[in-house]
Amino acid sequence: MQAVEMYAEKALVAPVSIESLEQPELTAIRMRALRRKARRISAYARFNVEMLTAMAVEVESDLAALRH
């Protein structure tokens, strides 16, 4: 219930009464919120992979330098 009100505030629209929404509308709001959350998680994961890859390249070059 609070999630819908928070969504309305973030969207800069007047808060909507939960009682006035029908189930398909509530489902749509929840699905959009889940989609946004999934995008944030995906972006964070991509960033972490890029950082770990960069660190691995650096470690490999340091090891190669130590061997020679």
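Structure's up top.
K.L.:
Help me understand the overall build of the protein chain in this model?
P.N.:
Regarding its fold elements, the protein chain presents 2 helices and 0 strands. In the form shown here, the protein chain has an accessible surface area of approximately 6,100 Å², with 64% of it arising from carbon and sulfur atoms.

K.L.:
Sorry, what's going on with a positive patch on the surface here?
P.N.:
Together, Arg-32, Arg-35, Arg-36, Lys-37, Arg-39 and Arg-40 make up a positively charged patch on the protein surface. Looking at where Arg-32 falls in the secondary structure, it is placed in helix α2 (residues 23–67).

K.L.:
I tried to follow a nonpolar patch on the surface on my own but got confused; where do I start?
P.N.:
Judged by side-chain polarity, Val-59, Leu-63 and Leu-66 come together as a nonpolar surface patch covering roughly 300 Å² of accessible area. According to the relative accessible area criterion, Leu-63 is partly exposed, its value standing at 36%.

Here is what the cut-offs are and how they apply
- Residues numbered from 1 in each chain as written.
- Predicted model: local features only at pLDDT ≥ 70, side-chain atom pairs only at ≥ 80, totals over all residues.
- Heavy atoms only, no water.
- Helix = DSSP H or I, 4+ residues; strand = E, 2+ residues; numbered from the N terminus.
- Areas by Shrake-Rupley, 256 points an atom, 1.4 Å probe, with all protein chains shown as cover.
- Patch = residues over 30% accessible without salt bridge, like charges linked within 9 Å, V, L, I, M, F, W, Y side chains within 5 Å.
- Salt bridge = Lys/Arg side-chain N within 4 Å of Asp/Glu carboxyl O.
- Lys, Arg positive; Asp, Glu negative; His and termini not counted.
- Charge placed at Lys NZ, Arg CZ, Asp CG, Glu CD.
- Buried < 20%, exposed > 50% of the residue type's maximum accessible area, 1.4 Å probe, protein only.

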